[in-house]
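Here are the chains, one letter per residue:
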Amino acid sequence: MRGARWITLLCLSGCGEEEAPVMPTPPPTFAFADVTEAWGLDFTHDAGLTPEKHLPETMGAGAALADFDSDGDLDLYFVQGGELPVSGVADDGNMNRLYRNQGGGEFVDATYGAGAAAHTGYGMGVAIGDCDGNGHLDMYLSCLGEDALLFGNGTAWFRDGPAASGVRDERWTAGCVFFDADSDGDLDLYVTAYLDVDLESPTWCGDRKEGWRSYCHPDHYAGLPDRFWRNEGDGTFVDATAEAGFDDIAGKGLGAIPADLDGDGDLDLYVANDSTENRLWVNEGDGRFSDGTLLSGTGVNARGLTEAGMGLASGDFDLDGDLDLYVTNFDDESNTLYRNEGGLIFTDVTARWGLDAPTRMPVGFGTMAFDADSDGDLDLAVTNGHIIDNIELYHDGKTHAQHALLLENTGSVFRSVPAGDFRSVDAGDFGRTPRVGRCLLAGDLDSDGDLDLIETACGGAAKIYRNDSARGGIAAPIVGTQPSYLGSMSARE
Amino acid sequence: MRALLLIPLLSLVLPQGPRELWREGERARAIQALNAKLAEDERPELRRRLIDWCFTVHKYSAALEAAEGLGDEGDPHRGRALYFLGRYEEALALLDEGDGEAVLMRVEALRALGRDWGEWIEPAAELLGEGDRRVALLRARALLEGGDHAAAVEAFEGALKRAPLEAEALFGLGRALVLSGERTRGLEVLERHRALTPLLDALDFAERGLDLAPLHGPNHAALGDAWRELVPFDGGSYARAEAAYQAALSRMKGKARVPVHLRRARLIADHGDGLMAAAFSLDAALKEGEDPQLLVRAADYFSEAGDAGLALLRLERALALRPGDRAIRERIERVRRGR
């Protein structure tokens, strides 16, 4: 992972786009313009919605941003859903889609020339990295059903390699991330597993009246343990979950982010769990991890309560030289920002930094920490969307589709504003229309030096938002950040 | 006589009143009916009831709308509704400063907005009393956030004495200990908090289920289970578990009651008067009718308590109900061997 940078990618968009009132628009400090159609993106996620309200159909899906064809710009990859694999029947009508960047913001659908990247499983997340060390990007796909490890040849073409790779997982997996856990120069793989759901005999949750059937709470299901796959150096993997010290904890995992949280030069791992304690795994330097959750205080919020952890970002929000953590959560919980105090001690500063109120009502999914206004500090973007499509029946102040948020970090060494003071800002088209947001990525798609946003929706269209912010100039590098919930990308420079 | 016969017949065809609907769990219809009644007969007491019902079913926008009809008197209700809708700035202008619960909401709203809330601790203490666990928590939280870790330790310990199941107090105590240099003790407390947290989550889940369907017996039983698991952390949970099981039994009939009797017996065995008492509680349940599950479990408790004779009697009754049951036969053999 030396010399590597983390680019994060993932999105979840809303299940079903809804017409909604336009938000009031104060003078724009930030400007993100919806250029989806103009740039040639036409991906729409198929959630495979059913009357039985299977929980997996609320969760997808992720996306990735990487230079798949080695031409120097960022291409796009979207994970697809489709018909749910009930009774073992997989839908082969929907495939993941790969869009090649032709430069300057023109994308063409290159799925049919992408080989095995045109995957047809019911997808959740994606991780990108050169796991066989041949200089070309590979990808791991987490799915409801059999996961896939695909090897790339640098021309946006992939071959399926699960049998040779040793990686096999048929559970409901979600977040996945490549990182060099044992500092041996190759990329290992961590995959979060979510819930043990019964698609054959789904429980009826919610009221029995017509139209009131709802999705069951994660507490209704048993969690599944995450898995850690150690790279043997050639792109083959062994299950080293226990050996590496990742206890067999069924944490209902969603997001996972590697970051050097203790500043010792190796990558630690933070895992967001849905409605159970999040986990901070401290890298002991030899490929083994110890549980630093209790000491760090990052398992629960300041109230000592577990939250529904989903998306993750990491970055030095207060410019004190270490990496802080940001976690998106469910409604009636705020998203949570943990400030790194050093010595592996963190403090929940969500309220103190003004991040509580703007995030209390939405259901947060994908998030990105990036310098949206190029003022030298990290801002936060969050895509939101409820999982329950009829939530308004149960709480008349909540909606399925929700506004995304851009939270400006007004703290800066250049201004006399305390670092880490956030406020919600108008961001042009980003967040203007409520969506069922899921994955959020940031990357310079048009090579103009600032970071654009990509947002997926559950059952809806993916969007590209071009960064037209007035101060958009030289973007601060994304260091140690990995966005959200389902998938991430690590790319070697 | 004819008139008497007409009364039940009429009750089948006449629309039910809001109260009846509410009592039967038809809450959405009850609110609809009460709204209709208010349209014909606007009375403050009816409107207050409507507001109350709206809050109960999380219809905060509806509560907000309903409170408009009360004029200025509706402001505190509107403040609460705005608070639950996450509209904290607006809520702050309307929340009642003379009501303790509303002051707690004010603190939470200020906190969510990233503003100072410390000045509201004393008003909260005056209105709710120093004995209130939430006041104790506010004081402890302020000390922790202010960096006075040693004082925070003391304050959280005090809060825990009042409320042993308060997650924030336990977590805050652990954090304060770690931050004040008592790392080992702090980690011990945090381990205890880690053990408690999933149990509190389960309790929350059970309470939400009950909130959605308050008349459903199994939801009460699930609440009993959640409280039962919390007894090691707080003895007061025993009575709550017992009350929940009784509430479940009062709403269930026939064989559906059997699992609840079994779970209640486990409460008694694990945390109450012990194995014999648990067995006798199942004996009492058997007065409702013979049941092999109740008999076998009672036998297990008697056996574990050392009374093989009573155990065998129940196992033989169970075998009479299920003559081919190998598990019962094996139990009988085991008890006989152990005599």
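Details of the structure are given in the entry above.
An account of the accompanying structure is given in this report. Remember, predicted model here, so these are calculated numbers, not experimental data. (Residues numbered from 1 in each chain as written. Chains lettered and ligands numbered in written order. Predicted model: local features only at pLDDT ≥ 70, side-chain atom pairs only at ≥ 80, totals over all residues. Heavy atoms only, no water.)

Along the backbone of chain A there are 3 helices and 32 strands. Put simply, chain A has 493 residues, and 65% of those count as buried. For chain A, long-range pairs separated by at least 24 residues make up 64% of all intrachain contacts whose partners lie at least 6 apart in sequence. (Helix = DSSP H or I, 4+ residues; strand = E, 2+ residues; numbered from the N terminus. Buried < 20%, exposed > 50% of the residue type's maximum accessible area, 1.4 Å probe, protein only. Contact = heavy atoms within 4.5 Å.)

With that out of the way, let us pick up the environment of Asp-356 of chain A. The residue Asp-356 of chain A is located in the loop between strand E24 (345-348) and strand E25 (364-370) in this model. Separated by 23 residues in sequence, Asp-356 of chain A and Glu-333 of chain A have C-alpha atoms that sit 8.4 Å apart. In this structure Asp-356 of chain A touches Ser-334, Thr-350 and Ala-351 of chain A together with Arg-111 and Ala-112 of chain B, once residues within four positions along its chain are discounted. There is a polar contact of 2.8 Å between the side chain of Asp-356 of chain A and the side chain of Arg-360 of chain A. (Polar contact = N/O pair within 3.5 Å; in protein donor to acceptor, adjacent residues only side chain to side chain.)

On to the nonpolar core, then. Residues and elements named next belong to chain B. Counting 44 residues, the largest nonpolar core has Ile-31, Leu-50 and Leu-138 as the members making the most contacts within it. Looking at this core, the element that brings in the most residues is helix H8 (residues 100-112), giving 8 residues. Non-local contacts of Ile-31, meaning those with residues more than four positions away in its chain, are made with Trp-22, Leu-50, Trp-53, Cys-54 and Val-57. Counting residues in each nonpolar core, the second largest holds 37 residues, with Ala-167, Leu-200, Ala-221 and Val-260 among its members. (Core = buried A, V, L, I, M, F, W, Y, C linked by side-chain atoms within 4.5 Å.)

Taken residue by residue, the interface counts 36 residues in chain A and 34 residues in chain B. For the chain A face of the interface with chain B, the top three residues by lost area are Leu-294, Arg-303 and Asp-396 of chain A, together amounting to 26%. One can count 6 salt bridges joining chain A with chain B. Glu-108 of chain B is paired through a salt bridge with Arg-360 of chain A; the nearest N and O atoms lie 2.8 Å apart. (Buried area = accessible area lost by both parts, 1.4 Å probe. Salt bridge = Lys/Arg side-chain N within 4 Å of Asp/Glu carboxyl O.)

What follows concerns the packing of aromatic side chains. Going through the model one piece at a time under the given rule, you end up with 24 aromatic pairs over all chains. Ring plane angle 85 degrees and centroid distance 4.8 Å describe the contact between Trp-172 of chain A and Tyr-194 of chain A, whose orientation is recorded as edge-to-face. Of this pair, Trp-172 of chain A sits in the loop between helix H1 (162-165) and strand E11 (173-179) while Tyr-194 of chain A sits in the loop between strand E12 (188-193) and strand E13 (205-206), placing them 22 residues apart in sequence. For Trp-172 of chain A, a relative accessible area of 2% corresponds to the buried category. Their ring planes at 0 degrees and their centres at 4.4 Å tell us that Trp-22 of chain B and Trp-53 of chain B sit as a pair that is stacked. Of this pair, Trp-22 of chain B sits in helix H2 (residues 18-23) while Trp-53 of chain B sits in helix H4 (residues 44-56); the two residues are 31 residues apart in sequence, bridging distant segments of the chain. Accessibility classification places Trp-22 of chain B together with Trp-53 of chain B in one group, the buried group. The structure contains a cluster of three or more aromatic residues connected by ring pairs, namely Phe-179, Tyr-190, Phe-228, Phe-246, Trp-281 and Phe-289 of chain A. Taking the ring centre of Phe-55 of chain B as reference, the NZ or CZ of Arg-80 of chain B above it sits at 3.9 Å. (Phe/Tyr/Trp six-rings, centres within 6.5 Å; stacked < 30°, edge-to-face > 60°. Lys NZ or Arg CZ within 6 Å of the ring centre and 35° of its normal.)

What follows covers the state of the cysteines. Residues and elements named next belong to chain A. Evaluation of the coordinates by the stated rule reveals 1 disulfide over all chains. The disulfide that involves Cys-205 links it to Cys-216, with 2.0 Å between the sulfurs. Of note, the bridge from Cys-205 to Cys-216 carries an S-S torsion of about 95 degrees and is right-handed in sense. Remark: Cys-216 occurs in the loop between strand E14 (213-214) and strand E15 (227-231) and Cys-205 occurs in strand E13; sequence separation between them is 11 residues. By relative accessible area, Cys-205 is classed as buried at 14%. A relative accessible area of 2% means that Cys-216 is categorised as buried. There is no disulfide at Cys-131, and the cysteine sulfur nearest it, in Cys-176, is 12 Å away. (Disulfide = S-S within 2.5 Å.)

Given 3.6 residues per turn, any residue in an α-helix points the same way as the ones three and four places further on. Residues and elements named next belong to chain B. For helix H16 (residues 258-271), with 14 residues, the first-to-last C-alpha span of 20 Å sits near the 20 Å given by 1.5 Å per residue. Of the positions making up H16, those classed as buried are Val-258, Val-260, His-261, Leu-262, Arg-264, Ala-265, Leu-267, Ile-268 and Ala-269. Against helix H14 (217-230), helix H15 (237-250), helix H17 (275-285) and helix H18 (292-304) lie the buried residues of H16. (Expected span 1.5 Å × (residues − 1).)

Quick look at the sheet that holds strand E18 (residues 268-273) of chain A now. All names here are of chain A. One open sheet accounts for 4 strands, arranged E17-E18-E19-E20; its pairing is antiparallel. Only two strands of the sheet have a single neighbouring strand rather than two, namely strand E17 (253-259) and strand E20 (289-291). For this sheet, the mean angle separating the axes of adjacent strands, direction not counted, is 25 degrees. The pairing of E17 with E18 spans 5 bridges and is antiparallel. Each residue of the ladder has a partner; that of Ile-257, found in E18, is Tyr-270. (Pairing = 2+ DSSP bridges. Axes fitted to C-alpha atoms, helices over the stretch in contact; angles between N-to-C directions.)

Residues and elements named next belong to chain A. Pairing is antiparallel across the open sheet formed by 4 strands, whose spatial order is E3-E4-E5-E6. Pairing within the sheet leaves two strands with one partner each, and these edge strands are strand E3 (63-66) and strand E6 (107-109). On average, each strand axis in the sheet is tilted by 20 degrees relative to the strand beside it, whichever way the strands run. When strand E4 (residues 75-78) meets strand E5 (residues 97-101), the two strands line up antiparallel, connected through 3 bridges. Its bridge partner being in E5, Leu-76 is matched across the sheet by Tyr-99.

Residues and elements named next belong to chain B. It is at 8 Å that the axes of H17 and H18 come closest, and there the two elements cross at 160 degrees. In this view, H17 runs roughly antiparallel relative to H18, as classed from their interaxial angle. Seen from above, H17 lies across H18 with left-handed handedness. On H18, the residues touching Leu-275, Met-276, Ala-278, Ala-279, Phe-280, Leu-282, Asp-283 and Ala-285 of H17 are Leu-294, Arg-297, Ala-298, Tyr-301, Phe-302 and Glu-304. Of the residues that constitute the contact of H17 with H18, the class distribution is 11 nonpolar, no polar and 3 charged. (Parallel < 35°, antiparallel > 145°, perpendicular 65-115°, else oblique. Left-handed = near helix turned anticlockwise from the far one by under 90°. Nonpolar A, V, L, I, M, F, W, Y, C, P; charged D, E, K, R; others polar.)

Residues and elements named next belong to chain A. Inspection of every chain in the model, using the stated rule, returns 62 salt bridges over all chains. We note a salt bridge from Arg-168 to Glu-146, for which the minimum N-O separation is 3.3 Å. With Arg-168 in the loop between H1 and E11 and Glu-146 in the loop between strand E8 (138-143) and strand E9 (148-152), this residue pair connects regions lying 22 residues apart in the sequence. Residue Glu-146 is classed as partly exposed on the basis of its relative accessible area, which comes to 39%. Salt-bridge contacts for Glu-170 lead to Arg-168; the nearest nitrogen and oxygen are separated by 2.6 Å. Take Glu-170: its relative accessible area is 48%, and that puts it in the partly exposed class.

This part is about unusual backbone geometry. Residues and elements named next belong to chain A. Between Gly-60 and the following residue, Ala-61, the backbone shows a cis peptide bond with an omega angle of -5 degrees. With respect to the helices and strands, the residue Ala-61 is situated in the loop between strand E2 (32-34) and E3. The phi dihedral of Lys-53 falls on the positive side, at around 55 degrees, and the residue is not glycine. Within the fold, Lys-53 resides in the loop between E2 and E3.

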